[in-house]
Amino acid sequence: MMRKVQEYFVYFMFYSIIGWIYEVFLEVVVYRWGFSNRGVLFGPYCVIYGTGALILLFSLGWLMKKRICIGKVPVTPLLVFLGIMAVTTGVELIGSYVMEFTSGGWAWDYRRFAFNFQGRVALNPSVRFGIGGMFFLYVLQPLFVNMTEKMPPRVFNALSGVLAAALGADTVWLAVKSFR
């Protein structure tokens, strides 16, 4: 049981780091705004991506394993894509409210996109998250599962311990900074 908890924590951190890299890539390379730390914590991770990834694993993992067809046409991937869009949009909306409550604002503004709600969520990013979520569920997650299963227990325990210590220290730092 402890191993499973550690695995999901490591996946959470991997996806939080990948999310941070994605955000920074968009900011620096695509939009050319220059670098800023896109996470709410100090380290190179956006925990909303890790949270979203775990929610996708827990909520849609079962659907990926089903074979649903309309006639002879498999529609499971389409249903998974739509599920990813719905889940990630919900996570992003809730995340914006949590960030606003804890820090006075949220880290994105989608008012420039059509079909947005209060600048918190919009159709364009939801479609991108759907595409990214498909890549995550069908490509990255199987690779990460394979990688973590092949790690010697001592290495895996050390990795999860270092990641937990870094996230814990970062969270304490944010809490101390918030109360000043």
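Let me sum up the structure you'll find in this document. (Residues numbered from 1 in each chain as written. Predicted model: local features only at pLDDT ≥ 70, side-chain atom pairs only at ≥ 80, totals over all residues. Heavy atoms only, no water.)

**Regarding the pattern of salt bridges**
A side chain of one charge can pair with a side chain of the opposite charge if their charged atoms are brought near each other. The following threshold applies: Every case where a carboxyl oxygen of Asp or Glu lies within 4 Å of a side-chain nitrogen of Lys or Arg is listed as a salt bridge. Here a strand is any run of E in DSSP of at least two residues, a helix any run of H or I of at least four, and the numbering for each starts at the N terminus. Relative accessible area decides the class of each residue, using a 1.4 Å probe on protein chains only: under 20% of the type maximum gives buried, over 50% gives exposed, and in between gives partly exposed.
For the structure shown, the criterion picks out 4 salt bridges. In this structure, Glu7 engages Lys4 in a salt bridge whose closest nitrogen and oxygen atoms are separated by 3.2 Å. Of this pair, Glu7 and Lys4 both sit in helix H1 (residues 2-30), separated by 3 residues, roughly a single helical turn. Accessibility expressed as a relative area gives 9% for Glu7, which makes it buried. Using a relative accessible area of 43% as the deciding quantity, one classes Lys4 as partly exposed. For the salt bridge of Asp109 with Arg111, the shortest nitrogen-to-oxygen distance reads 2.5 Å. Under the relative-accessibility criterion, Asp109 is labelled partly exposed at 31%. Classification of Arg111 as exposed rests on a relative accessible area of 60%. What you see here is one network of salt bridges that share partners, running through Arg3, Lys4 and Glu7.

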